[in-house]
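# Structural features, examined
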Amino acid sequence: MTTLTLPTPGGRLAPYTLQNAPLPRPASAPTFNRIAYAAAHVVVNPLAENSPWLDASVDWDTTIAFREYLWDLGFGVAEAMDTAQRGMGLDWAGAQELIRRSLTAAKPRNGLVACGAGTDHLAPENAKSLDDVIRAYEEQFAFIEGLGGRIILMASRALARIAAGPDDYRKVYDRLLTQVKEPVIIHWLGDMFDPALKGYWGSTDDYAAMDTCLSVLEAHAGKIDGIKISLLSKEKEIAMRRRLPKGVRMYTGDDFNYAELIAGDEQGYSDALLGIFDAIAPAASAGLSALAGGNLKEFNAILEPTVPLSRHIFQAPTRFYKTGVVFLAYLNGLQDHFLMLGGQQSARSVQHFAELFRLADTARVLRDPELAAERMRRVLAVAGVV
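Quick look at the structure, then.

Rules used in this analysis
Residues numbered from 1 in each chain as written. Predicted model: local features only at pLDDT ≥ 70, side-chain atom pairs only at ≥ 80, totals over all residues. Heavy atoms only, no water. Axes fitted to C-alpha atoms, helices over the stretch in contact; angles between N-to-C directions. Helix = DSSP H or I, 4+ residues; strand = E, 2+ residues; numbered from the N terminus. Parallel < 35°, antiparallel > 145°, perpendicular 65-115°, else oblique. Left-handed = near helix turned anticlockwise from the far one by under 90°. Contact = heavy atoms within 4.5 Å. Nonpolar A, V, L, I, M, F, W, Y, C, P; charged D, E, K, R; others polar. Pairing = 2+ DSSP bridges. 1 Å grid on protein atoms, 1.4 Å probe; cavity = no way out; pocket = protein on both sides within 12 Å on 5 of 7 lines; lining within 4 Å. Points joined across faces, edges and corners; volume = space filled by probe spheres on them. Salt bridge = Lys/Arg side-chain N within 4 Å of Asp/Glu carboxyl O. Buried < 20%, exposed > 50% of the residue type's maximum accessible area, 1.4 Å probe, protein only. Core = buried A, V, L, I, M, F, W, Y, C linked by side-chain atoms within 4.5 Å.

## Notes on the packing of helix H12 (residues 306-313) against helix H14 (residues 350-363)
Closest axis-to-axis distance for the H12/H14 pair is 8 Å, and the angle between their directions is 160°. Our classification of the angle between H12 and H14 gives roughly antiparallel. Here H12 and H14 pass one another in a crossing that is left-handed. Within the contact between the two elements, H12 uses Thr 306, Pro 308, Leu 309, His 312 and Ile 313 and H14 uses His 352, Glu 355, Leu 356, Leu 359, Ala 360 and Ala 363. For the contact of H12 with H14, the class distribution of residues is seven nonpolar, three polar and one charged.

Take a look at the structure:
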């Protein structure tokens with residue numbers, strides 16, 4: 001068994017022995033009885049000569065290879081979302097290139113892709129009217145639809161800044177949803193993920209905001225595939241799920257409670273569009289395969305150990321969860337370095353990474369434990385921990 005020295009709570013060092021074998025990989029892409037999108041991260045080009053806090057230099061080959069890995073495990077890819085550091089290192093120009101490359105790579109393998117459309121090329125302070133916001137959305141819609149892509153209608157920082165109340169949200173979404181070519185997924189991202197979205201839908205009371213959002217869904221149900229909510233509250237998701245118009249899906253974005261929300265209850269279940277699926281893809285794939293086979297016990301046995309890992313990765317400040325996602329990709333040999341756009345590899349502590357390593361072992365998501373241990377040692381050495 002592989003042993004290494006890790007920091008422990010309290011600032012000490014102690015040996016840790018890896019205890020769990022990785023989950024077996026499927027021989028072919030499995031089929032699920034839930035729609036499951038993994039929001040995917042981007043890989044930095046480590047050899048680019050630039051200012052890492054300011055410039056976005058992406059390793060496109062490795063970034064697309066990671067999407068192929070997700071497709072092979074049965075997932076759709078939610079592209080150019082916040083997991084890809086959209087608005088936190090990846091701008092609209094970078095997102096356009098990412099979307100173009102991802103859609104091209106998906107075609108020969110019939111990979112499922114849905115693409116984030118927002119207003120991030122419009123600085124919030126430059127939005128003077130709702131029409132400015134609408135035009136910004138329309139520009140991104142046109143780009144994605146022009147490539148034949150499906151749209152995830154992302155929340156807008158500009159709209160959150162200038163909207164006077166619920167009616168302004170209704171006006172914007174009404175205008176947008178009357179013109180989309182195919183049904184979209186609406187993304188309600190909570191302010192724990194992005195503080196600039198506080199009070200989205202016109203209220204800081206999530207249940208009042210839910211009423212406004214539902215009024216939009218009801219008015220345009222034929223143009224909406226589903227709603228993804230990222231509020232980290234299973235109670236709110238279930239309450240909204242039970243009120244959805246017929247034919248509109250609930251896509252869980254709850255990285256704290258996804259297992260039970262996907263399993264569902266006697267009144268329904270959630271499909272999935274999750275950032276954590278980037279990090280736990282083999283376990284999520286195996287669990288969803290078991291669920292599709294009617295084996296709820298196995299589904300729970302596989303996914304329940306991943307929940308503590310996910311809650312650790314998404315702990316406050318939640319917006320830095322991307323650091324943990326990329327760290328696991330590095331440990332698992334899916335990229336050769338631990339660098340991120342905007343230098344965000346520094347957003348979490350060595351203590352955080354040590355606990356993430358232990359929880360990843362427990363969840364059986366370290367693909368090659370010896371490689372993961374060696375890479376963990378390298379990160380600790382850079383931090384001065386020997």
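## Points about the pairing of strand E2 (residues 12-17)
For a regular strand, side-chain orientation follows a simple rule: the groups alternate between the two sheet faces. Pairing of strand E1 (residues 3-8) with E2, which is carried by six bridges, proceeds in the antiparallel orientation. Following the sheet pairing, Pro 7 is matched in E2 by Leu 13. Following E1, the chain reverses through three residues before pairing antiparallel with E2; Gly 10 in that reversal takes a positive phi of roughly 100°.

## Notes on empty space enclosed by the protein
To locate leftover empty space, one rolls a probe as large as a water molecule over the atoms. For the structure on display, the rule yields two cavities of 30 Å³ or more. Of the pockets and cavities examined, the largest cavity occupies roughly 50 Å³. For the largest cavity, the lining is made up of 13 residues, of which Asp 82, Phe 193, Lys 228, Asp 255 and Tyr 321 are closest to its centre. Of all the elements in the fold, those that place two or more residues in the lining of the largest cavity are strand E7 (184-189) and strand E8 (224-230). Here the residues of the lining of the largest cavity are counted per class, giving five nonpolar, five polar and three charged. Taken together, Phe 66, Tyr 69, Asp 278, Ala 279, Val 325, Leu 328, Ala 329, Asn 332 and Leu 334 form the lining of the second largest cavity. For the lining of the second largest cavity, the elements supplying multiple residues, two or more each, are helix H1 (60-72), helix H9 (276-279) and helix H13 (321-331). In terms of residue count, H13 provides more of the lining of the second largest cavity than any other element does, three residues in total. Across the lining of the second largest cavity, the residue classes break down as seven nonpolar, one polar and one charged.

## Considering the pattern of salt bridges
Counted by the stated rule, this structure contains 21 salt bridges. Across the salt bridge formed by Arg 242 and Asp 265, the nearest N and O atoms sit 2.8 Å from each other. Of the two residues, Arg 242 is situated in the loop between helix H7 (234-241) and strand E9 (249-252) and Asp 265 in the loop between helix H8 (258-263) and strand E10 (271-274); the sequence distance between them amounts to 23 residues. Of the residues examined, Arg 242 reaches a relative accessible area of 43% and is grouped as partly exposed. Three or more residues joined by partner-sharing salt bridges are found here, namely Glu 97, Arg 100 and Arg 101.

## Remarks on the nonpolar core
Phe 75, Tyr 173, Tyr 200, Ile 227, Met 240, Phe 277 and Phe 357 are the most contacted members of the largest nonpolar core, which has 129 residues in total. Once residues lying within four places of it in the same chain are set aside, the contact partners of Met 240 are Trp 188, Met 210, Cys 213, Leu 214, Leu 217, Ile 227, Ile 229 and Met 250.

## Focus: the layout of surface pockets
The calculated volume of the largest pocket comes to roughly 420 Å³. Lining the largest pocket are 25 residues, and of these Arg 86, Gly 87, Asp 120, Arg 157 and Asp 194 sit closest to its centre. Looking at the lining of the largest pocket, the elements that each hand over two or more residues are helix H4 (157-162) and E7. Split by residue class, the lining of the largest pocket holds 12 nonpolar, six polar and seven charged.

## So, the environment of Gly 11
Within the secondary structure, Gly 11 is located in the loop between E1 and E2. According to the relative accessible area criterion, Gly 11 is exposed, its value standing at 64%. When the C-alpha atoms of Gly 11 and Gln 351 are compared, they prove to be 8.1 Å apart, with 340 residues separating the residues in sequence.

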